[in-house]
Amino acid sequence: MRALAPLGALGRAVLRLLGEVGRVALFALAAVSHILRPPFYAREFAQALVQIGWLSLPVVGLTALFTGGALALQIYAGGARFNAEAVVPQIVAIGIVRELGPVLGGLMVAARVASSIAAEIGTMKVTEQIDALVTLSTDPMKYLAAPRVLAATLAVPVLVAVGDSVGIMGGWLVGVARLDFNGAAYLENTVSFLETWDVTSGLVKGAAFGFIVALMGCYHGMHSRRGAQGVGRATKQAVVSASVLIFAANYILTEVFFAA
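What counts and what doesn't
- Residues numbered from 1 in each chain as written.
- Predicted model: local features only at pLDDT ≥ 70, side-chain atom pairs only at ≥ 80, totals over all residues.
- Heavy atoms only, no water.
- Helix = DSSP H or I, 4+ residues; strand = E, 2+ residues; numbered from the N terminus.
- Contact = heavy atoms within 4.5 Å.
- Areas by Shrake-Rupley, 256 points an atom, 1.4 Å probe, with all protein chains shown as cover.
- Lys, Arg positive; Asp, Glu negative; His and termini not counted.
- Charge placed at Lys NZ, Arg CZ, Asp CG, Glu CD.
- Patch = residues over 30% accessible without salt bridge, like charges linked within 9 Å, V, L, I, M, F, W, Y side chains within 5 Å.
- Salt bridge = Lys/Arg side-chain N within 4 Å of Asp/Glu carboxyl O.
- Phe/Tyr/Trp six-rings, centres within 6.5 Å; stacked < 30°, edge-to-face > 60°.
- Buried < 20%, exposed > 50% of the residue type's maximum accessible area, 1.4 Å probe, protein only.
- Core = buried A, V, L, I, M, F, W, Y, C linked by side-chain atoms within 4.5 Å.
- Axes fitted to C-alpha atoms, helices over the stretch in contact; angles between N-to-C directions.
- Parallel < 35°, antiparallel > 145°, perpendicular 65-115°, else oblique.
- Nonpolar A, V, L, I, M, F, W, Y, C, P; charged D, E, K, R; others polar.
- Arc of directions from axis to C-beta.

Novice: Explain the overall build of the protein to me, please; I cannot follow it from the model alone.
Specialist: Within the protein, the regular secondary structure consists of nine helices and zero strands. Mapped in sequence order, the helices and strands of the protein form the string α-α-α-α-α-α-α-α-α. The dimensions of the protein, computed from C-alpha atoms along their principal axes, are 65 × 60 × 35 Å. Residue pairs at least 24 apart in sequence account for 85% of intrachain contacts in the protein once pairs closer than 6 positions are excluded. For the protein, the exposed surface amounts to about 13800 Å²; the carbon and sulfur share of it is 70%. Side-chain charges of the protein comprise 18 positive and 14 negative groups, with the mean position of each set lying 15 Å from the other.

As structure tokens, then:
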């Protein structure tokens, strides 16, 4: 029987994981259903839109700027081995727009927003404000989760678009100032190389990542345990789970877009 103990522990861990996946899936379905059904809390939605979108612009912009510059240097160094330095504008553009822009933007928003949402909702649960909402006949899912999930789903693609532009600008700055590219030719190569689907696929990823970030923040906040340690644990779990799911969703969406 002792030899079967590791298998039993593994089985219990798998069952707990599957149970958690089921609870997250049901929570996501509930959040989407509340988004589609009235009443709508416009004030909560507007506040979430500002918090998630506008206030995340600096960190997303700076991340994209330095990423674009570093990417240009690395591609130039690699291309120089094959006398292919001229492809720097094209590879920077495709790398930023299709992959690095959405993923890094999603991760920055996850670090900033998922933790904030989880801490806010978790604190509300600890201080029994969520119970007060129920007493006032207000559905916490509709009042707290739905506006934040909708705001993140709409705001993150805009952040990704801004991050793409700033990242390409970072590559342009490094290419012109450091690598002796002609500024006009660099921009012309970038614009002529990118296709509409390149940009669209990145924005679709941004919407999916925004949904994941807000969903994980709301889910872990709603399921936070009592006390300061419970809120801290929920905040940590929100960021970790959102980051892992962003990488997983990125691979799945990339496979889908590649097959298409």
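Novice: Would you mind going over a nonpolar patch on the surface with me for this structure?
Specialist: Together, Leu7, Leu10, Val14, Leu15 and Leu18 line one region of the surface with nonpolar side chains, adding up to about 510 Å² of accessible area. Inspection of the secondary structure puts Leu10 in helix H1 (residues 5-36).

Novice: What is the right way to read the packing of aromatic side chains from this model?
Specialist: What characterises a pair of aromatic rings is the spacing of the ring centres plus the angle enclosed by the ring planes. Summed over the entire model, instances satisfying the criterion amount to five aromatic pairs. Pairing Phe27 with Tyr219 gives two aromatic rings, centres 5.5 Å apart and planes at 80°, and the pair type is edge-to-face. Of this pair, Phe27 sits in helix H1 while Tyr219 sits in helix H8 (residues 196-222), and the two are 192 residues apart along the sequence. Centre to centre, the rings of Phe181 and Tyr186 are 5.8 Å apart; their planes meet at 90°, and the pair counts as edge-to-face.

Novice: What am I meant to see in the pattern of salt bridges here?
Specialist: Note that side chains of opposite charge can pair when their charged atoms are close. Applying the stated criterion across every chain yields a total of five salt bridges. One salt bridge in this structure joins Asp198 and Arg98, with 2.7 Å as the shortest N-O distance. A residue pair is termed long-range when its members are at least 10 positions apart, and Asp198 in helix H8 and Arg98 in helix H4 (residues 88-126) qualify at 100 residues. Under the relative-accessibility criterion, Asp198 is labelled buried at 7%. Residue Arg98 is classed as partly exposed on the basis of its relative accessible area of 25%. Across the pair Lys205 and Glu99 runs a salt bridge whose closest N-O atoms are separated by 3.2 Å. Linking Lys205 in helix H8 with Glu99 in helix H4, this pair joins segments that are 106 residues apart in sequence.

Novice: Would you take a moment to explain the nonpolar core for this structure?
Specialist: Taken as a class, soluble globular proteins show a tendency for nonpolar side chains to be buried jointly. Phe27, Ile52 and Met222 are the most contacted members of the largest nonpolar core, which has 44 residues in total. Counting residues per element, this core draws most heavily on helix H6 (residues 140-177), which supplies 11 residues. Not counting residues within four places of it along the chain, the set of residues in contact with Met222 comprises Phe27, Ile121, Lys125, Ile130, Pro140, Met141, Leu144 and Ala145. Counting 13 residues, the second largest nonpolar core, distinct from the first, contains Ile96, Val174, Leu179 and Phe181.

Novice: Is there a simple way to explain the packing of H1 against H6 in this structure?
Specialist: Helix packing for two helices is described by the angle between their axes and how far apart those axes are. For the pair H1 and H6, interaxial distance at closest approach is 9 Å and the crossing angle is 90°. With respect to H6, the element H1 is oriented roughly perpendicular. Here Phe27, Ala30, Ala31, His34 and Ile35 of H1 come into contact with H6, specifically with Met141, Lys142, Ala145, Ala146, Val149 and Leu150. Looking at the contact of H1 with H6 residue by residue, the classes come out as nine nonpolar, one polar and one charged.

Novice: Before we go on, may I ask you to explain the side chain of Gln90 in this structure?
Specialist: Within the fold, Gln90 resides in helix H4. Excluding residues within four positions of it along the chain, Gln90 makes contact with Asn189 and Phe193.

Novice: Hey, could you run me through helix H2 (residues 42-52) in this one?
Specialist: An α-helical turn contains 3.6 residues, so any two residues separated by three or four positions project in the same direction. Along H2, the residues classified as buried are Glu44, Ala48 and Ile52. When H2 is viewed along its axis, its buried side chains cluster within an angular range of 55° and face the same direction. Along H2, exposed side chains directed more than 90 degrees from the buried face belong to Ala42 and Arg43. Its buried side turned inward, H2 meets H4 and H6.

Novice: Any chance you could explain the environment of Thr135 here in plain terms?
Specialist: Following the sequence through the fold, Thr135 ends up in helix H5 (residues 129-135). Residue classification places Thr135 among the exposed residues on the basis of a relative accessible area of 67%. Separated by 83 residues in the primary sequence, Thr135 and Ile52 have C-alpha atoms spaced 29 Å apart.

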